[in-house]
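Structural overview
Single-letter residue listing:
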Amino acid sequence: MSLPEKRRRLLSLKNTDYEQIDQIDFDTEKSGRGNERCVGEEAGGFVDDDDDDVNDFGMEEDSADNCLSSLKLLCPGALSCCLSIIFAPTWLFSVRMNRHNEAKLALNWGQYVTVKNTSGLFLVNPFGVQLKSVSLKERAMELRDEKLVDLKGNPVVCSGCIFWRVSSVKASTLNVEDVSVYVKTCALATLKQVVAKYPYSPDFEGQPSLQTEGEALGRELKLDLQKRLAHAGVKVLAFNMTDLSYAPEIAKAMLVKQQAEAMIRARQIIVKGAVDMSEEALNQLHEKKICQLSDADRTRILSQ
């Protein structure tokens, strides 16, 4: 609905019917969103179907929620309000600041009050309110040279990199002691569990292994780690293995083993090629009827 049509419908209402006014506002907002979606589709862009009041960090951006959060910070409880009125000059020292991509969790005498996720200056009741800052930026964490065991029991050295961010300020602050340490511990446990499912190298063609299934391992690591961190308010963006090698104590022995296996495969290829060549020669002699060979002659030719 266009703005002129909205004005005409509002002026045509003789009595103050708030339900009809609300319906007009809802129709106008709905039609505006539909037009924006059509423009985005015509331009070939991506149209986000998520809620409009949720930003990239999963934090609500609704103005009513922000106002309510500010009111809770000003008057979190009866005791804090009474003390702040009696000692009114303390309000001069109650100004706080939120940086971009930062949120603050408020506790009033140890009890959860609210989360302030908008940047800028704001007032906080000077009595009984404790603020805990949480960064909403994307973070990277590295697991370097971790000694693990593969499916066959061989010690291997793995390195990995985790990309993550906080999606719930309340859960990451109240459910775990230190979210960074918790993420690293869970990531190491996940890496050990996944590496133990696969051998270092495939024993036969098509067997999944740590050397060949890099992309699939990354997806599995990400999903398993996300399950472990769901209650901690953390969203895992990616979990990739960056390095893989045998442990130093068995590296030489495994190198000799790989060389022996390569030699055996090479000899198998040579033997198979010689047999195929002899068989093809006998088939051509038989098809072209150049000479008639008995079974003894065939055996003698193949054995040479």
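It should be noted that the structure appears before, not after, this text.
Side note on helix 6 (residues 179-195)
- The first and last C-alpha atoms of helix 6 sit 24 Å apart over 17 residues, in line with the 24 Å expected at 1.5 Å per residue.
- Of all the positions in helix 6, only Val179, Val183, Cys186, Ala187, Thr190, Leu191, Val194 and Val195 are classed as buried. All buried residues of helix 6 fall inside an arc of 155 degrees around its axis, so they share one side.
- Where helix 6 is buried, its residues contact strand 6 (139-149), strand 7 (155-166), helix 5 (169-174), helix 7 (214-228) and strand 8 (234-246).

Thoughts on the sheet that holds strand 6
- A sheet is described by the order of its strands in space; here 3 strands give the open sequence 6-7-8, paired in antiparallel fashion. Pairing within the sheet leaves two strands with one partner each, and these edge strands are strand 6 and strand 8. The mean inter-strand angle of the sheet, taken between neighbouring strand axes irrespective of direction, is 20 degrees.
- One ladder, built from 9 bridges, connects strand 6 with strand 7; its direction is antiparallel. Each bridged residue has a counterpart across the sheet, and for Arg139 the counterpart in strand 7 is Trp164.
- Relative to strand 6, helix 6 is tilted by about 40 degrees, and along the sheet it contacts strand 6, strand 7 and strand 8.
- Against the sheet, helix 7 engages strand 7 and strand 8, with an angle of about 135 degrees to strand 8.

Concerning the side chain of Thr190
- The residue Thr190 is located in helix 6 in this model.
- What makes Thr190 buried here is its relative accessible area of 0%.
- From its side chain, Thr190 meets the backbone oxygen of Cys186 in a polar contact 2.8 Å long.
- Once you skip the residues sitting within four places of it in the chain, Thr190 turns out to touch Leu221, Asp224, Leu225, Arg228 and Phe239.

Some points on the pattern of salt bridges
- Taken as a whole, this structure holds 6 salt bridges when the rule is applied.
- The closest approach of N and O atoms between Glu102 and Lys104, which form a salt bridge, is 3.3 Å. Of the two residues examined, Glu102 and Lys104, each falls in the buried class.
- The shortest N-O distance in the salt bridge between Lys197 and Glu220 comes to 3.0 Å.

Structural notes on the nonpolar core
- Among the nonpolar cores identified, the biggest contains 37 residues, and Ile162, Trp164, Leu191, Leu225 and Phe239 are the most heavily contacted of them.
- Broken down by element, the residue count for this core peaks at 7 residues, all from helix 6.
- Discounting residues that sit within four places of it in the chain, Phe239 has contacts with Leu143, Cys161, Ile162, Ala187, Thr190, Leu191, Gly218, Leu221, Lys222 and Leu225.
- Leu73, Ala106, Val113 and Phe122 belong to the second largest nonpolar core, which has 5 residues in total.

The rules behind the values
- Residues numbered from 1 in each chain as written.
- Predicted model: local features only at pLDDT ≥ 70, side-chain atom pairs only at ≥ 80, totals over all residues.
- Heavy atoms only, no water.
- Helix = DSSP H or I, 4+ residues; strand = E, 2+ residues; numbered from the N terminus.
- Expected span 1.5 Å × (residues − 1).
- Buried < 20%, exposed > 50% of the residue type's maximum accessible area, 1.4 Å probe, protein only.
- Arc of directions from axis to C-beta.
- Contact = heavy atoms within 4.5 Å.
- Pairing = 2+ DSSP bridges.
- Axes fitted to C-alpha atoms, helices over the stretch in contact; angles between N-to-C directions.
- Polar contact = N/O pair within 3.5 Å; in protein donor to acceptor, adjacent residues only side chain to side chain.
- Salt bridge = Lys/Arg side-chain N within 4 Å of Asp/Glu carboxyl O.
- Core = buried A, V, L, I, M, F, W, Y, C linked by side-chain atoms within 4.5 Å.

Note that every value here comes from positions in space, so none of it alone points to a role or purpose.
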